[in-house]
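Here is how the chains run, residue by residue.
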Amino acid sequence: MKFALRIAYDGTAFYGFQRQPDVRTVEGELIRILEKLNVIESPEESEFRGASRTDRGVSAFFNVVSFVPKSRPDLIRPEVLNHHLRDVWVLGVAEVPDDFHPRFWAKSKTYRYYLVNEGFEFERIVECAGLFEGTHDFSAFAKLEPGRNPVREVTSVKIIQRTGYYILEITGKSFLWEMVRRIANALRFCGLGLLEVGEIEEMLSGMWRKKIPPAPPDNLVLWHIEYPGIEFKTDERGLARAKRDLFERYSRALTRAALFGDCLVEL
């Protein structure tokens, strides 16, 4: 018997997703509670796995972990786990096949990056965003790891307008380290007139001298992961609590972002 949890978390409260010694991480918090409740004995024996190792400061509204419980499967319920967790919310539970792996079974991932409007030329951002769709060499838009292929397929890039800010929504099968944050910064540069369409086309073709630096991590959210055939039983109370807690944490920041975004446009 194997279980998968759909989780949300406030990335600003952790030193990233992946467990590390002596610092607080999302994985570490989940493992601590599962061990405390005697559901698992250790992450190794329980085959504890995660879908996406988000960086420090990056939040999620849909990440997934899986594990094989040692005992007490009756405690693997959102209302029980959420009572003990801090800064992490279990939004759904699914019983999954024995060979399920949350990273390899994912058909696609969608990230959202929130850009404060600095007086962007919207048409330029949209034009530049379209260049990233398709299969490209993203070496100029990632922090490359040894042995990882820099070629990735981006299936969709959308720009959603909101008052005072924009949402960059990007979907693909897999992403390189810092790839979404660097694409977000490239679109910001485009909107400010600091980067031309032709320059992005050259970078995506493999011709570049300087890489695009990553945008700050706090504005990035892992928004959705698609798993064909896997249905997470949503806990409405847990979902409502996560929405309330996240709204309380970020509503002030969002209001100030909208305020200063308007000031940048009008002054």
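See above for the structure.
Residues numbered from 1 in each chain as written. Predicted model: local features only at pLDDT ≥ 70, side-chain atom pairs only at ≥ 80, totals over all residues. Heavy atoms only, no water.

(A) Region of the structure containing the overall build of the chain. Looking only at helices and strands, the chain has six helices and ten strands in total. Scaling as 2.2 N^0.38, a compact globule of 267 residues should have a C-alpha radius of gyration of about 18 Å, and the chain matches this with 20 Å. Taking the principal axes of the C-alpha coordinates as reference, the chain spans close to 60 × 40 × 35 Å. Counting all 267 residues of the chain, 52% fall into the buried class. (Helix = DSSP H or I, 4+ residues; strand = E, 2+ residues; numbered from the N terminus. Rg over C-alpha atoms; globule rule 2.2 N^0.38 Å. Buried < 20%, exposed > 50% of the residue type's maximum accessible area, 1.4 Å probe, protein only.)

(B) Structural detail: a negative patch on the surface. Among the surface-exposed residues, E127, E199, E201 and E202 lie close enough to one another that they form a single negatively charged patch. Top element by residues in the negative patch is helix α5 (residues 197-204). It accounts for three residues. By the secondary structure assignment, E127 is in helix α3 (residues 122-131). (Patch = residues over 30% accessible without salt bridge, like charges linked within 9 Å, V, L, I, M, F, W, Y side chains within 5 Å. Areas by Shrake-Rupley, 256 points an atom, 1.4 Å probe, with all protein chains shown as cover. Salt bridge = Lys/Arg side-chain N within 4 Å of Asp/Glu carboxyl O. Lys, Arg positive; Asp, Glu negative; His and termini not counted. Charge placed at Lys NZ, Arg CZ, Asp CG, Glu CD.)

(C) Region of the structure containing the packing of α3 against α5. For the pair α3 and α5, interaxial distance at closest approach is 10 Å and the crossing angle is 15°. Here α3 is positioned roughly parallel relative to α5, judged by the angle of their axes. In this structure, the crossing between α3 and α5 has a hand that is right-handed. For the pair formed by α3 and α5, the contact residues are E127, C128 and L131 on the first element and V197, I200, E201 and L204 on the second. Residues that form the contact of α3 with α5 fall into these classes: five nonpolar, no polar and two charged. (Axes fitted to C-alpha atoms, helices over the stretch in contact; angles between N-to-C directions. Parallel < 35°, antiparallel > 145°, perpendicular 65-115°, else oblique. Left-handed = near helix turned anticlockwise from the far one by under 90°. Contact = heavy atoms within 4.5 Å. Nonpolar A, V, L, I, M, F, W, Y, C, P; charged D, E, K, R; others polar.)

(D) Up close: the pattern of salt bridges. Across all of its chains, the model carries 15 salt bridges by this definition. Residue R24 is joined to E29 by a salt bridge in which the shortest nitrogen-to-oxygen separation is 3.8 Å. When its relative accessible area of 3% is taken as the criterion, E29 is described as buried. Note that R72 is salt-bridged to D74, the shortest N-O span being 2.8 Å. Judged by its relative accessible area of 39%, R72 is partly exposed. Salt bridges here are not isolated pairs; linked through shared partners, they connect R24, E29, R32 and D87.

(E) Seen up close, the environment of N82. Secondary-structure assignment places N82 in helix α2 (residues 78-84). With 160 residues separating them in the primary sequence, N82 and A242 have C-alpha atoms 9.6 Å apart.

(F) Just the nonpolar core, in detail. Formed by 77 residues in total, the largest nonpolar core has its most connected members in I7, F132, F141 and Y227. The biggest single contributor to this core is helix α4 (residues 179-191), with eight residues. Excluding anything up to four places from it in sequence, Y227 contacts A51, F62, V64, F100, P102, W105, A106 and F232. F61, L91, L239 and A242 belong to the second-largest nonpolar core, a separate cluster that totals eight residues. (Core = buried A, V, L, I, M, F, W, Y, C linked by side-chain atoms within 4.5 Å.)

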